[in-house]
Amino acid sequence: VVSSTTIVALYAASGQLEAAKLVFDTMAQRNIVSCNTMVAAYAAGGHVSDAERIFHTVMPLHDSVSWTAMLTAHTEAGQLEEAKNLFDAMPAPRCVQAWNAMITAFVDNMELSSCQFLFDAMPARDLVSWNAMLAGYARSGRLGSAKRVFARMLERDTVSWNTVIAAFADSGHGQDAMLMFLRMLVDGLVPNQITYTSVLAACCSWDESRSHFSSMVGDHGVGAVRAHYSCVIGVLASTGELGKAWELIEFMPFVPD
RNA sequence: AUUUUCGGA
């Protein structure tokens, strides 16, 4: 059961929902973990009714992972009301992950006041709760509130930093994004592919882009993806260096998008 | 072995 479940999870993680389903359907036995894995797989693919079928008719018992996975299925499908109902129907005590999933459901629907209410009401908050709240304010463009949340965080990880850096970069505050990036490095956090998507977009010259690009690959071992090239091309376009931009498009090891 | 937070799809 364990090895089959692992295979289901691996297929799901690589987006091969059909293969995951095939393995799950042909398993000799299933337990709560394998069912949870399949519910999560359907959730990620936006297949709510299939997730519900497993949740309601295949599984005899539910644990907190089952409930949280099902809640996420509704969120992914844009069903906020159903997500709320499921959250209310969950047996207490609800795990922190369920609270976090519910906060995310409100974030996806831009209901920031409900997010804040849940965040304040939950019995205990972890780093993910803080990051979810931060992402809510960042995504809705409420930079002031985002900064306030960030400042109040006692612990920050790469996700937290990525969220604020992206918030600044996306709102045209490139300088602030770069400053936050430097603070991130000073704090000893490890930048990843997502960090650099914002950092490269926040650059304002070819020299700056080039220096961050080589530091990305050389110092931090982050592989360049097409999005990184797109950011640099965007910088070149914004500075009017169209010749260089075209040259980079031809030079980059990706099909242009 | 499974669920919650950041970019992209």
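Higher on the page you've got the structure.
Basis of the calculations
Residue positions are given per chain, counted from 1 along the sequence in the order it is written. Chains and ligands are labelled by the order in which they are written, letters from A for the one and numbers from 1 for the other. In keeping with the model being predicted, local features are shown solely for residues with a pLDDT of at least 70 and side-chain atom pairs are shown and tallied solely at 80 or more, while totals for entire chains, interfaces and linings include all residues. For the side-chain quantities, the full set of heavy atoms in the structure was used; hydrogens and water were omitted. Note on conventions: DSSP H or I runs of at least 4 residues are helices, E runs of at least 2 residues are strands, and numbering of each starts at the N terminus. Residue burial is assigned from relative accessible area. The probe radius is 1.4 Å, only protein chains are included, and a residue is buried under 20% of its type maximum, exposed over 50%, and partly exposed in between. Using the Shrake-Rupley algorithm and a 1.4 Å probe, accessible areas are obtained, with residue cover drawn only from the displayed protein chains. Note on definitions. A residue lies near a molecule or strand when any single heavy atom of the residue is within 4 Å of it. Throughout this description, a polar contact denotes any pair of N or O atoms lying within 3.5 Å of each other; where both atoms belong to protein, one of them has to be capable of donating a hydrogen while the other can accept it, and for residues adjacent in sequence the pair is counted only when both atoms sit in side chains. Amino acids outside the nonpolar list (Ala, Val, Leu, Ile, Met, Phe, Trp, Tyr, Cys, Pro) and the charged list (Asp, Glu, Lys, Arg) are all regarded as polar, and Gly is one of them. Any two residues having at least one pair of non-hydrogen atoms within 4.5 Å are treated as being in contact. By arc we mean the arc of the directions from the helix axis to the C-beta atoms, nothing more. For Phe, Tyr and Trp, rings pair up if their centres lie within 6.5 Å, where Trp contributes its six-membered ring, and each pair is then called stacked (planes under 30 degrees apart), edge-to-face (over 60) or tilted (otherwise). Charge-over-ring contacts are defined here by two conditions on Lys NZ or Arg CZ: a distance within 6 Å of the ring centre and an angle within 35 degrees of the ring normal. To estimate how far a helix should reach, multiply one less than its number of residues by 1.5 Å. Only protein atoms enter the 1 Å grid, on which a cavity is a set of points fitting a 1.4 Å probe that cannot get out and a pocket is an open set with protein on both sides within 12 Å along at least 5 of 7 lines, lining residues being those with an atom within 4 Å of a point. Grid points are joined across faces, edges and corners, and a volume is the space filled by probe spheres set on the points. Note on definitions: angles span 0 to 180 degrees between N-to-C directions of axes, and those axes are lines fitted to C-alpha atoms, for helices only across the stretch in contact. Any angle that falls under 35 degrees is termed roughly parallel, while one over 145 is termed roughly antiparallel, one within 65 to 115 roughly perpendicular, and all others oblique.

Draft legend 1. Representation of the overall build of chain A in the model. Helices and strands together make up the secondary structure of chain A, namely 16 helices and zero strands. For chain A, the spread of C-alpha atoms along the principal axes amounts to about 60 × 40 × 30 Å. Here chain A, with 257 residues, has 42% of them falling under the buried criterion. Just so you have it, chain A exposes about 13300 Å², and 57% of that area is on carbon and sulfur atoms.

Draft legend 2. Molecular detail of the protein's contact with RNA strand B. Neighbouring RNA strand B are 27 residues, the closest being N36, N100, N131, R139 and N162. Sugar and phosphate atoms represent 49% of those atoms of RNA strand B found within 4 Å of the protein. Residue N36 places a side-chain N or O atom 2.9 Å away from a base oxygen belonging to RNA strand B. T163 places a side-chain nitrogen or oxygen 3.4 Å from a sugar or linking oxygen of RNA strand B. If you tally residues by element for the surface near RNA strand B, the top one is helix α9 (residues 127-139), at five residues. Grouping the amino acids of the surface near RNA strand B by side-chain chemistry returns twelve nonpolar, 14 polar and one charged.

Draft legend 3. Geometry of the side chain of N36. Of note, N36 is situated in helix α3 (residues 32-44). What makes N36 buried here is its relative accessible area of 5%. Once you skip the residues sitting within four places of it in the chain, N36 turns out to touch M59, D63, V65, S66 and A69.

Draft legend 4. Structural view of the side chain of S160. On the secondary structure map, S160 appears in helix α11 (residues 158-170). What S160 contacts, discounting residues up to four positions off in sequence, is L127, N131, L134, F150 and M153.

Draft legend 5. Focus on helix α6 (residues 80-89). Turning to α6, its buried residues are L80, A83, L86 and F87. The arc that holds every buried residue of α6, seen down its axis, measures 125°, which confines them to one face. Those residues of α6 that are buried lie in contact with α5 (64-76), α7 (96-108) and α8 (112-121).

Draft legend 6. Geometry of the packing of aromatic side chains. A complete count under the given rule lists seven aromatic pairs for this structure. When the ring of F150 is compared with that of W161, the centres are 4.9 Å apart and the planes differ by 80°; the resulting orientation is edge-to-face. Linking F150 in helix α10 (residues 143-152) with W161 in helix α11, this pair joins segments that are eleven residues apart in sequence. Connected via pairs of aromatic rings, a cluster forms that spans F213, Y229 and F254. Seen from the ring of F24, R30 lies directly overhead, with NZ or CZ sitting 5.1 Å from the centre. The residue whose ring lies beneath R94 is F87, and the NZ or CZ to ring-centre distance is 4.6 Å.

Draft legend 7. Spatial organisation of unusual backbone geometry. With an omega dihedral of 0°, the bond running from A92 to P93 counts as a cis peptide bond. Looking at the element boundaries, P93 is found in the loop between α6 and α7. We note that M110 has phi near 60°; this positive angle belongs to a residue other than glycine.

Draft legend 8. Looking closely at helix α12 (residues 174-186). Here α12 is 13 residues long and its end C-alpha atoms lie 19 Å apart, about the 18 Å a rise of 1.5 Å per residue gives. Looking at α12, one finds that the buried residues are G174, A177, M178, M180, F181 and M184. Along the axis of α12, the buried residues cluster in a sector spanning 160°; they form a single face. In α12, those exposed residues whose orientation departs by more than 90 degrees from the buried face are Q175, L179 and V186.

Draft legend 9. Just empty space enclosed by the protein, in detail. Enumeration over the complete set of coordinates arrives at one cavity of 30 Å³ or more. Here the largest cavity defines a volume of roughly 30 Å³. Within the residue set of the lining of the largest cavity, elements represented by two or more residues are α10 and α11.

Draft legend 10. Geometry of the environment of V255. Tracing the backbone through its elements, the reader meets V255 in the segment after α16 (242-251). Residue V255 is classed as exposed on the basis of its relative accessible area of 63%. Sequence spacing of V255 and R226 is 29 residues, and the spatial spacing of their C-alpha atoms is 8.0 Å.

Draft legend 11. Molecular detail of the packing of α9 against α11. It is at 9 Å that the axes of α9 and α11 come closest, and there the two elements cross at 5°. What the angle tells us is that α9 and α11 run roughly parallel. Facing L127, N131, L134, A135 and A138 of α9, the residues of α11 in contact are V159, S160, T163, V164 and A167. Classifying every residue of the contact of α9 with α11 by side-chain character gives seven nonpolar, three polar and no charged.

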